[in-house]
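# Coordinate analysis (summary)
The primary structure of each chain is shown beneath.
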Amino acid sequence: MFYQVYPRSFADSDGDGVGDLGGLREKLGYLELLGIDALWICPVMRSPMADGGYDVSDPRDIDPLFGGLAALDEVVAEAHDRGMRVTMDLVPNHTSERHPWFAAALASGPGSAQRARYHFRDGRGPGGVEPPNNWRSVFGGPAWTRVVEADGVPGQWYLHIFAPEQPDLNWENPEVAADFERTMRFWLDRGIDGFRIDVAHGMAKPEGLPDMANSDTGMLVHDDDDPRFNNPGVHEIHRRLRKVMDDYPRAVAIGEVWVDDDTRFGEYVRPDELHLAFNFRLAETPFHPDRIRDAVDHSLGAVAAVGASPTWTLSNHDIEREVTRYGGGALGQARARAMALLELALPGAVFVYNGAELGLPNVDDLPENALRDPVWERSGHTQRGRDGCRVPLPWEGNRPPFSFTAGAPWLPMPAEWAQLTVETQLERLDSMLSLYRMAIELRSTRPEFGGTGFQWFGSPPGCLAFRRDGGLLCVLNATDSPILLPAGEVLLSSVPIAARKLPANSTAWLV
Ligand code: TEU
């Protein structure tokens, strides 16, 4: 089980209001108590933070905001002492505009070797005033920005599928791949146990950068016909990166792959490519039995054909929190508890996003002047973006910032979260945190979770039941009324069970 840390929002050790690696180190005891196997730490490399660290200006250093290299070394050493592995985010698709390569590209002019590390093109139309193609940025607006050349006049355009501060690298340039390999080895040699590869379906671009058919595609939305992503050349890149990983047999690479088609998704986890890839189907599925079943079937089917392990996640730092997605309030909490047990019963790797174990809801009423996601500005203030799922974690006490920081948190924290602090939830057996702790412990110790096999089991309409090879039976009730459980001992349930009745919006594990 992996635990995703969004470091800006996890714990702050120096009072500047932004979480850091010192804060993470102080909380490793908490993560050990939770029972996690491995950490995924979102980007902590040097960055001007135009996109929360996904705009990297030096991929082989840790930003001082997070405590520098020494702080990472301490996290890795202490996590290892506690039996946890540490994976970190790497961003191969783009750099920051402040990366020395991009500065050199701007200074060197059209046709230079420095520009060939990125995608610079002349504009279309008279005077080159139109972008080279009609691609949109995932964060809104055009995917091209025009630069001012050394002589002070408008010149070429560069491609940025995300923010203008994130110029796309040209992976056809051997220097780009070589530098990324150097980055991987730098961290692996330092003791890092692997990587989450950002936009792992990006990198390769289609020949000639043709126009998109559907250029009014929504922000933060992907579909499989999108020429900006999932081009066949990407697999050659993954094969190359896998060769580096294979020099470090302990290490794992997990790709962020927003690809729907099962066959094309599975291609990313062939034996000589990524070890694992995020399948987002469960995170995109409403609390509806047929849709959940479909998401599970597709997630299992996509990897079965290539012999890889499935992955499961209900949320991450880009996705609205599950409590809110499932309806918010008590209903959202109940359903999130039910889905946590469903997820933790499935075979494969589970990724829990920090705060999910506390049942944090999305914060949808952040004041506009607090919003930091580039989507807010890029959409002309029509889309608030992803800050609502990135609000700092409440640790203890009765008032914001709940010991997250000694200063002012980088995003305001709701006063109602007094009920959701780690301190409060550790004391209550019926809390979301206690449920996660119990579930994770059972999952990692009980033989009933053994084997990779999985079968659906007969269940009443509106319900789901499946059996693992080891004998675990997981039953989810998505109807409005209680159902009778099949025979067996109840190992754990998302709500108390009386008279063998499983209440609405809940899940039980039976053995
Ligand atoms: O996300 C990649 C990506 O495509 C997202 O924009 C995704 O489509 C969207 O958020 C889904 O709701 C990764 C990171 O996870 C994200 O935080 C970064 O902003 C992005 O890459 C750029 O590096």
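As shown above, the structure is provided for reference.
The structure contained in this document is the topic of the report that follows.

### Observations concerning the pairing of strand E15 (residues 463-468)
- Most of E15 is tucked away: five of the six residues are buried.
- Relative to E15, strand E14 (residues 454-456) runs antiparallel, the two sharing three bridges. Within E15, the position partnered with tryptophan 456 by the bridge is phenylalanine 466.
- Here E14 hands over to E15 after six residues, with glycine 462 in that stretch at a positive phi of 85°.
- As paired elements, E15 and strand E16 (residues 473-477) share five bridges and run antiparallel to each other. For alanine 465, the partnering residue across the bridge sits in E16 and is valine 475.

### Considerations on the sheet that holds strand E9 (residues 194-197)
- Taken together, the eight strands give an open sheet; going across it, the order is E11-E10-E9-E5-E2-E1-E13-E12, and neighbouring strands pair in parallel fashion. Edge strands, defined here as strands with exactly one partner in the open sheet, are strand E11 (276-278) and strand E12 (311-313). The sheet shows a mean angle of 25° between the axes of neighbouring strands, direction not considered.
- Sheet topology note: the strand E1 (residues 2-5)/strand E13 (residues 349-353) ladder contains three bridges and is parallel. When the bridges of E13 are listed, tyrosine 3 appears paired with valine 352.
- Sheet strands in contact with helix H4 (residues 68-81) are strand E2 (38-41) and strand E5 (85-90), and its direction is about 145° off that of E5.

### Side note on the site of the ligand
- Neighbouring the ligand are 18 residues; Asp51, Asp198, His222, His317 and Asp318 lie closest to it.
- The separation between an oxygen atom of the ligand and a polar side-chain atom of aspartate 198 is 2.8 Å.
- Here an oxygen atom of the ligand sits 2.9 Å away from a polar atom, N or O, in the side chain of histidine 317.
- Of the residues belonging to the shell around the ligand, the class tally is seven nonpolar, four polar and seven charged.

### What to know about a negative patch on the surface
- On the surface, a cluster of negative charge is contributed by Asp223, Asp225, Asp260, Asp261 and Glu284.
- Tracing the chain through its elements places aspartate 223 in the loop between E9 and helix H7 (234-246).
- Taking relative accessible area as the criterion, aspartate 223 reaches 31% and is therefore assigned partly exposed.

Calculation criteria
- Residues numbered from 1 in each chain as written.
- Predicted model: local features only at pLDDT ≥ 70, side-chain atom pairs only at ≥ 80, totals over all residues.
- Heavy atoms only, no water.
- Buried < 20%, exposed > 50% of the residue type's maximum accessible area, 1.4 Å probe, protein only.
- Helix = DSSP H or I, 4+ residues; strand = E, 2+ residues; numbered from the N terminus.
- Pairing = 2+ DSSP bridges.
- Axes fitted to C-alpha atoms, helices over the stretch in contact; angles between N-to-C directions.
- Contact = heavy atoms within 4.5 Å.
- Near = heavy atom within 4 Å.
- Polar contact = N/O pair within 3.5 Å; in protein donor to acceptor, adjacent residues only side chain to side chain.
- Nonpolar A, V, L, I, M, F, W, Y, C, P; charged D, E, K, R; others polar.
- Patch = residues over 30% accessible without salt bridge, like charges linked within 9 Å, V, L, I, M, F, W, Y side chains within 5 Å.
- Areas by Shrake-Rupley, 256 points an atom, 1.4 Å probe, with all protein chains shown as cover.
- Salt bridge = Lys/Arg side-chain N within 4 Å of Asp/Glu carboxyl O.
- Lys, Arg positive; Asp, Glu negative; His and termini not counted.
- Charge placed at Lys NZ, Arg CZ, Asp CG, Glu CD.

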